[in-house]
Amino acid sequence: MPYQGPIAALLQNPLFKHPKENVPIGGKQLDYFSFLHHKFDEIKTVLYQLAVQCSQPPFSYRLDYLTSEILKIRTYIYQSCDCIEKVLQLYLKGDAINAYKLIEKYLIGNPYLKILSSIPQDKESSLLKSLFKMRKNDGDRHLFTNKEMFHIPLNLRHKVGTYRFSMPGIPCIYLANNLYICSLEVQANPLHDYQASRVELCDTVSVLNLAYCINETQQWCDMWDANRGDKKIADMIIAWFALYPLMLASAVKTIQSSASPLMCTQGASFVPEYVIPQLLMQYVTGNEDAKLDGIRYLSTKCISDDRRIGFYVCWAFPSKTDALQGHATNLKKIFKLTDGVKLPVAPRTITHCEVFSGKVKNDVLTMPTDYQNDVKTKPFAEAEDELWDTSNHPIKIV
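Quick caveat, the model's predicted, so the values are computed rather than measured.

Engineer: So what exactly am I meant to see when it comes to helix α2 (residues 32–54) here?
Structural biologist: Helical geometry: 3.6 residues make up each α-helical turn, so side chains three or four residues apart lie on a common side. With 23 residues, α2 should reach 33 Å at 1.5 Å per residue; the first-to-last C-alpha distance of 33 Å fits that figure. Of all the residues in α2, the buried ones are Tyr 32, Phe 35, Leu 36, Lys 39, Phe 40, Ile 43, Val 46, Leu 47, Leu 50, Ala 51 and Cys 54. Residues of α2 that are buried sit in contact with α1 (6–11), α3 (65–72), α4 (74–92), α10 (231–249) and α11 (275–286). Measuring from the side-chain oxygen of the N-cap residue of α2 to the backbone nitrogen of Phe 33 gives 3.0 Å; that N-cap residue is Asp 31.

Engineer: Got a minute to help me understand empty space enclosed by the protein in this structure?
Structural biologist: Scanning the entire structure with this criterion turns up one cavity of 30 Å³ or more. Here the largest cavity defines a volume of roughly 50 Å³. Lining the largest cavity are His 18, Phe 165, Leu 210, Met 247, Ser 250, Ala 251, Tyr 297 and Leu 298. Broken down by class, the residue content of the lining of the largest cavity amounts to six nonpolar, two polar and no charged.

Engineer: Sorry, what's going on with the nonpolar core here?
Structural biologist: A general trend in soluble globular proteins is that nonpolar side chains are found buried together. Ile 7, Leu 66, Trp 240, Phe 241, Ile 276 and Phe 335 are the most contacted members of the largest nonpolar core, which has 121 residues in total. Here this core gets 15 residues from one element, more than from any other, and that element is α10. Once you skip the residues sitting within four places of it in the chain, Phe 335 turns out to touch Phe 150, Ile 173, Leu 175, Val 199, Glu 200, Leu 201, Cys 202 and Phe 317.

Engineer: Just to check I follow, could you spell out the side chain of Asn 110 for this structure?
Structural biologist: If you trace the backbone, Asn 110 turns up in the loop between α5 (96–108) and α6 (111–116). Exposure remark for Asn 110: the relative accessible area of 3% places this residue in the buried category. Setting aside chain neighbours within four positions, we find Asn 110 in contact with Tyr 76 and Leu 243.

Engineer: Could you clarify how one ought to interpret the pattern of salt bridges in this entry?
Structural biologist: Where side chains of opposite charge bring their charged atoms close, a pairing between them can arise. Tallied over the full model, the rule gives seven salt bridges. Across the pair Glu 69 and Lys 72 runs a salt bridge whose closest N-O atoms are separated by 2.9 Å. Taken together, the residues Glu 69 and Lys 72, both in helix α3 and three residues apart, mark about one turn of the helix. Judged by relative accessible area, Glu 69 falls into the buried class, the value being 19%. Between Asp 138 and Arg 135 there is a salt bridge, with the nearest N and O atoms lying 3.2 Å from each other.

Engineer: Help me out: how do you make sense of the environment of Tyr 274 in this one?
Structural biologist: Following the sequence through the fold, Tyr 274 ends up in the loop between α10 and α11. Sequence spacing of Tyr 274 and Phe 165 is 109 residues, and the spatial spacing of their C-alpha atoms is 7.2 Å. With sequence-adjacent residues up to four places away left out, Tyr 274 is seen in contact with Thr 162, Tyr 163, Arg 164 and Thr 254.

Engineer: Sorry, what's going on with the side chain of Ser 80 here?
Structural biologist: Its place among the elements puts Ser 80 in helix α4. Ignoring sequence-local partners within four residues, the contact set of Ser 80 consists of Tyr 106, Ala 242 and Pro 245.

Engineer: Can you help me understand unusual backbone geometry in this one?
Structural biologist: Negative phi values dominate among residues other than glycine, just as trans dominates among peptide bonds. The step from Asn 189 to Pro 190 runs through a cis peptide bond, and the omega angle for that step is 5°. In this structure, Gln 187 is a non-glycine residue whose phi angle is positive, near 55°. Relative to the helices and strands, Gln 187 resides in the loop between α8 (179–186) and β4 (194–201). Among the residues examined, Gln 187 registers a relative accessible area of 57% and is labelled exposed.

Engineer: What should I look at first to understand α11 in this one?
Structural biologist: Here α11 contains 12 residues, and its C-alpha end-to-end distance of 16 Å stays within 8% of the 16 Å for a straight helix at 1.5 Å per residue. The element α11 is largely enclosed, with a buried count of nine among its 12 residues. What α11 keeps buried is the set Val 275, Ile 276, Pro 277, Gln 278, Leu 279, Leu 280, Met 281, Tyr 283 and Val 284.

Engineer: Where do I start with the state of the cysteines in this structure?
Structural biologist: Linking two cysteines covalently via their sulfur atoms produces the bond known as a disulfide. Applying the stated rule across the entire model yields zero disulfides. Free cysteine Cys 182: the closest other cysteine sulfur is in Cys 314, separated by 7.2 Å.

Engineer: Would you explain the packing of helix α9 (residues 214–226) against α10 in this entry?
Structural biologist: Any two packed helices are characterised by how steeply their axes cross, that is the angle between the axes, and by the distance between the axes. Relative to each other, α9 and α10 sit at 150°, their axes nearing to 9 Å. Relative to α10, α9 is oriented so that their crossing is left-handed. Only Ile 233, Ala 234, Met 236, Ile 237 and Trp 240 of α10 make contact with α9, whose side of the interface consists of Ile 214, Thr 217, Trp 220, Cys 221, Met 223 and Trp 224. Taken together, the residues of the contact of α9 with α10 break down into 10 nonpolar, one polar and no charged.

Engineer: Even after reading the chapter, I still don't get the environment of Ala 9, so can you show me in this structure?
Structural biologist: With respect to the helices and strands, the residue Ala 9 is situated in helix α1. Spatially, the C-alpha atoms of Ala 9 and Leu 50 are 9.7 Å apart, while their sequence positions differ by 41 residues.

Engineer: Would you take a moment to explain the packing of aromatic side chains for this structure?
Structural biologist: Each pair of aromatic rings is reported with the distance of its centres and the angle of its planes. Summed over the entire model, instances satisfying the criterion amount to 14 aromatic pairs. Between Phe 16 and Phe 241 the ring centres are 5.6 Å apart and the planes differ by 70°, which places this aromatic pair in the edge-to-face class. Here Phe 16 is found in the loop between α1 and α2, whereas its partner Phe 241 is found in helix α10, with 225 residues between them in sequence. As far as burial versus exposure is concerned, Phe 16 and Phe 241 are alike and both buried. Within the aromatic cluster, the residues linked to one another by ring pairs are Phe 16, Trp 240, Phe 241 and Tyr 244. Above the ring of Phe 144, the side-chain terminus of Arg 135 is found at 4.0 Å from the ring centroid. Stacked on the ring of Trp 388, the Lys or Arg Arg 198 has its end atom at 4.2 Å from the ring centre.

Rules behind the numbers
Residues numbered from 1 in each chain as written. Predicted model: local features only at pLDDT ≥ 70, side-chain atom pairs only at ≥ 80, totals over all residues. Heavy atoms only, no water. Helix = DSSP H or I, 4+ residues; strand = E, 2+ residues; numbered from the N terminus. Expected span 1.5 Å × (residues − 1). Buried < 20%, exposed > 50% of the residue type's maximum accessible area, 1.4 Å probe, protein only. Contact = heavy atoms within 4.5 Å. Polar contact = N/O pair within 3.5 Å; in protein donor to acceptor, adjacent residues only side chain to side chain. 1 Å grid on protein atoms, 1.4 Å probe; cavity = no way out; pocket = protein on both sides within 12 Å on 5 of 7 lines; lining within 4 Å. Points joined across faces, edges and corners; volume = space filled by probe spheres on them. Nonpolar A, V, L, I, M, F, W, Y, C, P; charged D, E, K, R; others polar. Core = buried A, V, L, I, M, F, W, Y, C linked by side-chain atoms within 4.5 Å. Salt bridge = Lys/Arg side-chain N within 4 Å of Asp/Glu carboxyl O. Disulfide = S-S within 2.5 Å. Axes fitted to C-alpha atoms, helices over the stretch in contact; angles between N-to-C directions. Left-handed = near helix turned anticlockwise from the far one by under 90°. Phe/Tyr/Trp six-rings, centres within 6.5 Å; stacked < 30°, edge-to-face > 60°. Lys NZ or Arg CZ within 6 Å of the ring centre and 35° of its normal.

This is the structure in structure tokens:
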């Protein structure tokens, strides 16, 4: 039976769904900073209302552990919202150094990151069983080697621009759990201008994990309700609420030109929605004590509201070197990948599970049931099937 406590109703609030689209409020299109302030005020309001509700019968007679613990961290959540807004204010004033120091202090002193957001993942982890990347063809359309598919070479740092989890001049490896999301992230149109590779881990990685969606948290609540006394599950739910302001600030979609031409950030040199994600990436690259390899996040490019767990997940792993040639040693130690294949591939009749008989299960691939047949996603499923055929596409180190 699903969890029926006060937190269940809270999770039904659209406020806790992300990525967030910056839709007009009260008929007015807000800039990112005003939109975020509005959402943070909503978070504070709903938590205050929860506290009032739980102080009255019938909840006041007997409050479940999960709800009481979340109420205890209300002040912490409020302070998190205020901290993120202060970081943005400092950044806008041109004080990028203190903006970073403040968010670094927030992350270092955050007890919930250890519970939820930096769990080491090894090569057998279900979260990392299915990883892919895409790259646009060169002019001659030759097949890329795995080295060419890896990341922008260090001697071409000048080509690395500003994106959500990308700092100018810092090459990264960007991955997704399926090629459909890869195509949305790189805006692969037309598809035949792109190549794809499958990626595997060589070693354990630790990530700043911002990719927990509301469906996942609802499942944790059900699991906790079925296993009362399981403090580990309760701690994960509590940590999700504690970290939600950070996840929200990192996942507000940019305003498209059709929505508000004056606030459109397409092709802009400065994109306010990228400030917090880029500071987080700076923390990953610059704070050695954190021992983080990358960031796991939900794609903001998805056009569906269906938050299937794991399907919309992306990964960003930055280079950590001052070298000016070749590829980053820290990333070569972690990843191996196939050579590129041109897209779309010729249709195949075999599936992932038939290629990897007994080694890979459908549930760890976290594919929607219609992924193989939907007109939009079928070409990507066929390409993934092709790449899973290791006899033709062996995984190699760089």
